[in-house]
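# Structure at a glance
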Amino acid sequence: MRAGLDIGSTTIKGVVLDDDGQIIWSSYERHYSHILEKTEEMLRQISKAAGEQPLILGFSGSAGMGIAEHAGVPFVQEVYAERVSAVKLNPETDCIIELGGEDAKILFLSGGMEVRMNGSCAGGTGAFIDQMASLLKMKPDEMDEAAQKAERQYTIASRCGVFAKTDVQPLINQGADHKDIAASIYQAVVNQTITGLAQGRTITGNILYLGGPLTFSKALRDRFDETLGVKGICPDHSLYYVAIGAALYCDQQIDIAIVLEKMNSYESVGYASLPPLFRNRDEYWQFHNRHAKAAVTRIPFDASVKRIHIGIDSGSTTIKIAVIDDDGNLLSDDYRSNDGNPVPIVRSFLMELYEKHPEVIIGSVTCTGYGEELMRHAFNCDYGLVETVAHFTAASHFMPDVDFIIDIGGQDMKCFRIEDGVISDLFLNEACSSGCGSFLQTFASALGYDTQDFARLGLFAEKPVDLGSRCTVFMNSSVKQAQKDGASIEAISAGLAVSVVKNALYKVIRCANVEQLGRNIVVQGGTFYNEAVLRAFEKEMGVEVIRPDIAGLMGAYGAALYGSRKASKEHVSSLISYDDLVQFHHSTSQITCQGCGNHCQLTVNTFASRHKMISGNRCEKPITGHQVEPSLNLYAYKQKKLLGYSQIHVPSKVKIGIPLVLNMYELLPFWHTFFTVLGFDVVVSPLSNQQIYAMGTSTIPSDTACFPAKLTHGHIAWLQKQDVDHIFYPCMSYNVDEGLGDNHYNCPIVAYYPENIRDNMDGMNESYFLEPFLDLSDREKLMSHLCDYMKEHFPYLHRSRIMHAVNLAYQEYENYMQDVRCQADRIIHEARRQGKHIIVLAGRPYHVDPLINHGIDTMITKYHAAVITEDSISWKMKKMETSVLNQWSYHARLYAAARYCTTQMDMDLIQLVSFGCGLDAITADETSSILHAGNKLYTQIKIDEITNPGAVNIRIRSLFAAVQERKESHERNRF
Amino acid sequence: MKETGFEMKDVKEYTILVPNMAFNQFTLIQAALLSEGYHVELLSTASAEVAQMGLQYVHNDTCYPAVLIIGQFIEALRSGRYDPDSTALAITQSGGGCRASNYIKLLRKALDQAGFHQIPVLSFNFSGLEKDMSLKLTPKLIGKLVAAVEYGDLIDGLYHECKAYEINEGDARNKTVEWLDQVSSWLLEEKNFHIHDMKKMFPAIVKDFTRVPIKRTEKLKVGIVGEIYVKFSPIGNRDLVHFLEQQDCEVRLPGLMGYIEYCIANMKLDSDFYGMKPMLGKICDQILSIVDGLGTTASDALKSEGFHGESSFREIMEKPEGILSLGVKMGEGWLLTAEMIELIESGFTNIVCAQPFGCLPNHIAGKGVIRRIREKYPQANITAVDYDPSSTKVNQENRIRLMLAVGKENLQK
């Protein structure tokens, strides 16, 4: 008899096979991280099932390694075990797709065996689906059922779970249909698996689906089938393939009694720990009492109150309402989950308020948060303000000279520095780092605890686990490891609290010491109700902070305060009446905007008044019917200008394809001219869109490369379909030299991506895929290299013609750059004439692609500002000293543009950073210090395959709010 | 930025801290520098604190080696073991389009933030970066450094091969320590570092290693390649070598000299590819010939005693043909691809390609070439493993175990 145990990240599976290989016993259970106990329990069951017979036993699974070693049981790696089973049970299989609690695997069995596991970034899939289901307030089986009825799909980031979460939340908030979201989530899992694991190999033939998520969800299997164009099967015992493999592969007879005995003595190796949060109870009570003092004045909401102000903070997962009197005293408040739709909650709150206090005058209603627009439209509120300003307003009520505010909410983290009464620096958690309230919540429930109980457990842990500071996905495995090493739940709870703090301090704010934050710190947001987090923060920074007793309510309170100041004494709110509230009704529908390439998913909210509100739009087009005048947008201009080249065709027998990717976004004028002059017909790939991206995803070798690089595969695939005779895409270690830096390199990705294309896409033979190594910074050398290269491939060309073409190409490139610069000057001039602010949206040339920049340019022009690019003004500066090595041409422009910005009153810079850009880890710090030295704000927007327009909006609006405030205070000071 | 008040002429008064990247080679490099009057100390501190300290001062998204090296330096300076007024730090700089060229600037920034304005940061480089702060590379020092790395690579290779098959546990390590001591004292006494000496000593060392009793059995042969720091440094790769030894594998790390030769070769390649500085190209070519001659001698000595000897650097340069152009010269560039192929061709078909999470050049020269390599060498069994401050050992070891399981199956075929 044989038995196998598969100890996975979230579940434990066991089988007993008889001598014919038939399963006579099996079990599948979640272990809630009580790995040791569950293993022992299951071994006892196995022992019972096997009876007196001798037993061959094997372990497998990611959490089983250490235990197996200690207990003296043979161990087999889980993917390998799976293969052993498949070869035996389904010998005709070509390919296995297995999703587990936290990993995804693809095994190619036929035609050269290969096994792939997801990288450390791609994160959990089963756990991810669970998380998403809880976000949708559904059980996994409900989600599966819902998804099968889906009618449409949304694009959800397929990189890692945390990203997807930031995509799903806004969809829920906008009222998108849950069944459509569910299907989109499954599709994201499919895309993630294929992008991450196929790596150039086609998944085809007989497919076997294994593992929990694929066994339990038909919708997920359907998504795979449809995407891959196959009909895969999910065999019997699909949950047990690893366990069966472990049983079959091992060949050692084991006495379970001895194993159990050994496990009894399993001494954990220990784990890296931190000092306890409190040394003793006294210390705790002192701390507790100190914080109890930071309380807002509450007065009873009775007939003596004549006039009130209401603040509504409609957040991503919660809704908060504060009601205050004219003096800022708190009368009433509400804080609750928004259940995915905040509108009815606010409605019933307001109705109750009207009913209980028919006489009171409502002075103002102010909205803030993600749902600000929706609230304003639904209830006809008076004011809206960006949440950063709301939080600042509230914080300064508790501490007028506050220097720094840290707000950690359910989904997002906002930290900002205050200088001269203005927000001078804003840090938001980028889509990659979670570490917020919901993060603790997720862990609490994964471990089977209520959030508050879980937090309390950590307070007196003796040896909190040192978990580092990274995103949830990494944290999952760290927690797993700590448990294996014997950490108690208490130690983990405390460790997680510390990790939330470290994440905020070192990852989001990036501070090295408390001096950088300033002495007067207010911490707020629901997460700081957790005393373990609060304590961890004070300990980490070595400073006592203010945590208002309404920490979770600060946005709403701040909004109410703002309204009370903004409204004149006689002002009466425009809030809809009680009768209208009774009649109130609200419905939503989803449409895809066809106005431009962004194809925004629009949510149309219709209210009882037939009044409509559209959200999800990046520009004004779906609302006003026309785009904001693009004349003050250099991104739009560049796009149009580049597309102009694609229109130019010459009659020719030979077609040359050029992918519009990475550095080609700048060099297209050069190469288009070069080939056209030589008499070739040039076919340029179009601006990116999702279809083009999808065409190349299966050939991407490294899923952690930046999105602009990954897009290249799709452009090449597109060109292959156009029957071009050659694709031209040169490698360039060096960029053009504009004299702004110490050297003029390209980044490794831009420099060598053509090599990745050649090695990972089919049909890239030498005569088809032209990828010479070239250096544009030296015209003479380039000429001679190009002459040799071109003559090799096109012997009929004359050297003189080639040289002539090179000269014209340089000329055209210069003309193009010059034209962009002139246009920038025109925009600056016109913006100044109209009194508009100017934003330098600084990135790389390829950030002009609308799929890469997500329409952020138009999101900015929506706020009546002009947008220019870094390369259109960098030439105005001379080479300068930088504290980092200034050796990449694109970066040198960035630094120069930032410096130039500091010399212009009405100009601010926003840096676009692509996720995964290793170099921008360096440029971001430098750009920020250049701007700060010049007394300017630094704003960074991180973009990936998908971006969350909500977060981008906060950044942009906060910047404008601060700019406005500075301007006003400047003027105040003048008089 | 405040002035350090440091002048290069006083450098020998300072204690110079150097991160210990590769134990065997760096032990000898230390001796080479000591012999020239530089008071070098190697830092091997490995604790969770090191990474945490690094994270406080370096952007989280910066490469892992930068986080570790900077964390290690700051931890050392804070420990009170060194007098901040007479301590200097030194790191190597390869130069080039990889962000690693920025380490020195990032370190400077971190030191200033941590309040160590007075600590000078020295650079070892051949690319003319940081001219005022570079250690003066006299021909004699260069000779000694070359000797240190050549001897180090030879001893390192012998260690790994003997370690895998030693009959008495500990013999290989003891023999290695013996030779490291011996070569160190040669360098300190300024002996045996000339080319003709080395050519004589290599066979003697190899011969002596044959006295370690070994029994060759069929073992899984695993090569480690990758980003230079993560490849060699036990704190960078969570003691990968040790893990593989425990799994009963024969481990092989292509030598450190290969990387240096690669850097020299790139200067020549720049002249081939882009016509830059042709004179420099010629000089580099000559240096390469000399160094490669040494490597070949070492390799021949190894082979004559039945040990594994690497191909000459010239041969290695030909390996990536058809897979990756020699124009790919950032980070480990084409050398990474070349080393993988060299390993495969010499029977080390199982390979761990180790890199920091988000390493840009390795998207191309590491992960990007695996498909092609497998097409050409179907027996190749390569796994790419990312390292960063919070990736967990479980996850990494699990991937490596998978590669090992496949390797074992191939072995049985």
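Values in this document were obtained by computation on a predicted structure and should not be read as measured data. (Residues numbered from 1 in each chain as written. Chains lettered and ligands numbered in written order. Predicted model: local features only at pLDDT ≥ 70, side-chain atom pairs only at ≥ 80, totals over all residues.)

Assigned secondary structure in chain B consists of 16 helices and eight strands. Relative to its length of 413 residues, chain B is compact, with a C-alpha radius of gyration of 21 Å against a globular reference of 22 Å. With respect to the principal axes defined by its C-alpha atoms, chain B has extents near 65 × 50 × 45 Å. Going through the 413 residues of chain B one by one, you find that 59% of them count as buried. Put simply, 72% of the contacts in chain B that link residues at least 6 apart link residues at least 24 apart. (Helix = DSSP H or I, 4+ residues; strand = E, 2+ residues; numbered from the N terminus. Rg over C-alpha atoms; globule rule 2.2 N^0.38 Å. Buried ≥ 20, exposed ≤ 12 C-beta atoms within 10 Å, placed from the backbone. Contact = placed C-beta atoms within 7 Å.)

Moving on, we come to the overall build of chain A. Looking only at helices and strands, chain A has 35 helices and 28 strands in total. On C-alpha atoms alone, chain A measures out to a radius of gyration of 30 Å, which is about the 30 Å that the 2.2 N^0.38 rule sets for 975 residues. The C-alpha extent of chain A, read off along each of the three principal axes, is 90 × 90 × 55 Å. A total of 975 residues make up chain A; the buried ones form 59% of that total. When contacts within chain A are restricted to residue pairs at least 6 apart in sequence, long-range pairs at least 24 apart make up 74% of them.

Moving on to the domain arrangement of chain B. All names here are of chain B. The domain architecture assigned to chain B consists of domain 1 (8-136) and domain 2 (218-255 + 310-412). Each of domain 1 and domain 2 has a C-alpha centre, and the two are 27 Å apart. Domain 1 puts 17 residues into the contact, and the matching count from domain 2 is 19 residues. Of all the secondary-structure elements, those providing two or more residues to the side of domain 1 that touches domain 2 are α2 (48-57) and α3 (64-78). (Domains from an automatic or database assignment.)

Time to look at the packing of helix α3 (residues 78-89) of chain A against helix α10 (residues 241-249) of chain A. All names here are of chain A. For the pair α3 and α10, interaxial distance at closest approach is 7 Å and the crossing angle is 85°. On the basis of the axis angle, α3 is roughly perpendicular to α10. Of α10, the residues touching α3 (which contributes E78, A81, E82, R83, V84, S85, A86 and K88) are Y241, V242, I244, G245, A246, L248 and Y249. Looking at the contact of α3 with α10 residue by residue, the class counts come to nine nonpolar, two polar and four charged. (Axes fitted to C-alpha atoms, helices over the stretch in contact; angles between N-to-C directions. Parallel < 35°, antiparallel > 145°, perpendicular 65-115°, else oblique. Nonpolar A, V, L, I, M, F, W, Y, C, P; charged D, E, K, R; others polar.)

Moving on, we come to the sheet that holds strand β5 (residues 220-226) of chain B. Residues and elements named next belong to chain B. What the four strands build is an open sheet, ordered β6-β5-β7-β8; its pairing is parallel. Lying at the two open borders of the sheet, with one neighbouring strand each, are β6 (249-252) and β8 (381-387). If you compare each strand with its neighbour and ignore which way they point, the axes differ by 25° on average. Here strand β7 (residues 350-356) pairs with β8 via seven bridges, running parallel. Across the sheet, I351 pairs through a bridge with I382, a residue of β8. Most of the contacts of helix α16 (residues 393-412) go to β8, to which it runs at about 170°, and overall it touches β5, β7 and β8. (Pairing = 2+ DSSP bridges.)

On the chain B side, the residues contacting the 56 residues of chain A number 56 residues. For the side of chain A that touches chain B, the elements supplying multiple residues, two or more each, are α3, β7 (114-117), α18 (472-484), α19 (489-509), α28 (748-760) and α34 (920-933) of chain A. For the side of chain A that touches chain B, the leading source of residues is α28(A), giving eight residues. The residue makeup of the side of chain A that touches chain B, split by class, is 24 nonpolar, 21 polar and 11 charged.

A word on α3(A). Between its first and last C-alpha, α3(A) extends 16 Å over 12 residues, near the 16 Å set by a 1.5 Å rise per residue. Counted residue by residue, α3(A) has nine buried out of 12 residues, so it is predominantly covered. (Expected span 1.5 Å × (residues − 1).)

Residue and element names in this part refer to chain B. Checked against the element boundaries, P278 lands in helix α11 (residues 278-304). Residue P278 is classed as exposed on the basis of its C-beta count, with 11 C-beta atoms lying within 10 Å. Counting along the chain gives 23 residues from P278 to A301, while the straight-line C-alpha distance between them is 35 Å.

All names here are of chain B. In this fold, L154 is placed in helix α5 (residues 139-165). With 175 residues separating them along the chain, L154 and K329 place their C-alpha atoms 26 Å apart. Those residues in contact with L154 that lie beyond four places of it in its chain are F202, I205 and A298.

What follows deals with the nonpolar core. Ranked by size, the top nonpolar core spans 444 residues in total, and within it I70(B) and L107(B) carry the most contacts. With 12 residues, the single largest contributor to this core is α19(A). Looking at this core, you find at least three residues from each of domain 1 (8-136) and domain 2 (218-255 + 310-412) of chain B. Excluding residues within four positions of it along the chain, I70(B) makes contact with G54(B), Y57(B), V58(B), L106(B), L107(B) and A110(B). (Core = buried A, V, L, I, M, F, W, Y, C linked by C-beta atoms within 7 Å.)

This part is about the sheet that holds strand β1 (residues 15-19) of chain B. Residues and elements named next belong to chain B. The strand order across the open sheet formed by four strands is β2-β1-β3-β4, and the pairing between neighbours is parallel. Each edge of the open sheet is held by one strand with a lone partner, namely β2 (39-43) and β4 (121-124). Across the sheet, the mean angle from the axis of one strand to that of its neighbour is 30°, orientation sign disregarded. Pairing analysis gives five bridges linking β1 to β2, with the strands arranged parallel. Bridging from a neighbouring strand, I16 pairs with V40 of β2. Across the face of the sheet, helix α4 (residues 103-113) comes into contact with β3 (87-92) and β4 while running at roughly 170° to β4.

The next thing to look at is unusual backbone geometry. Residues and elements named next belong to chain A. Non-glycine residue H854 carries a positive phi angle of around 55°. Within the secondary structure, H854 sits in the loop between α31 (850-853) and α32 (856-861). Of note, the phi angle at H864 is positive, near 60°, even though the residue is not glycine. Assignment of secondary structure puts H864 in the loop between α32 and β26 (865-869). Residue classification places H864 among the partly exposed residues on the basis of 14 C-beta atoms within 10 Å.

Residue and element names in this part refer to chain A. Tracing the backbone through its elements, the reader meets T388 in helix α15 (residues 387-398). For T388, a count of 26 C-beta atoms within 10 Å gives the class buried. Between the C-alpha atoms of T388 and R957, which are 569 residues apart in sequence, the distance is 9.0 Å. Here T388 is in contact with K414, F416, I423, L426, I954 and S958, once residues within four sequence places are set aside.

Now for helix α24 (residues 634-647) of chain A. The end-to-end C-alpha distance of α24(A), which contains 14 residues, comes to 20 Å, matching closely the 20 Å that a straight helix rising 1.5 Å per residue would cover. Among the residues of α24(A), those classed as buried are L634(A), Y635(A), A636(A), Y637(A), K638(A), Q639(A) and L642(A).

Attention now moves to the pairing of strand β4 (residues 56-60) of chain A. Along a regular strand, successive side chains alternate from one face of the sheet to the other. All names here are of chain A. In terms of residue burial, β4 counts as a mostly covered element, since four of its five residues are buried. Pairing between strand β1 (residues 2-7) and β4: five bridges, direction parallel. From the neighbouring strand, R2 faces β4, where its bridge partner is I56.

Now for the confidence of the model for chain B. Put simply, chain B has an average pLDDT of 90, and 96% of its residues get 70 or more. Across the interface, the model reports ipTM at 0.91; the global pTM reads 0.86. (pLDDT = per-residue confidence, 0-100.)

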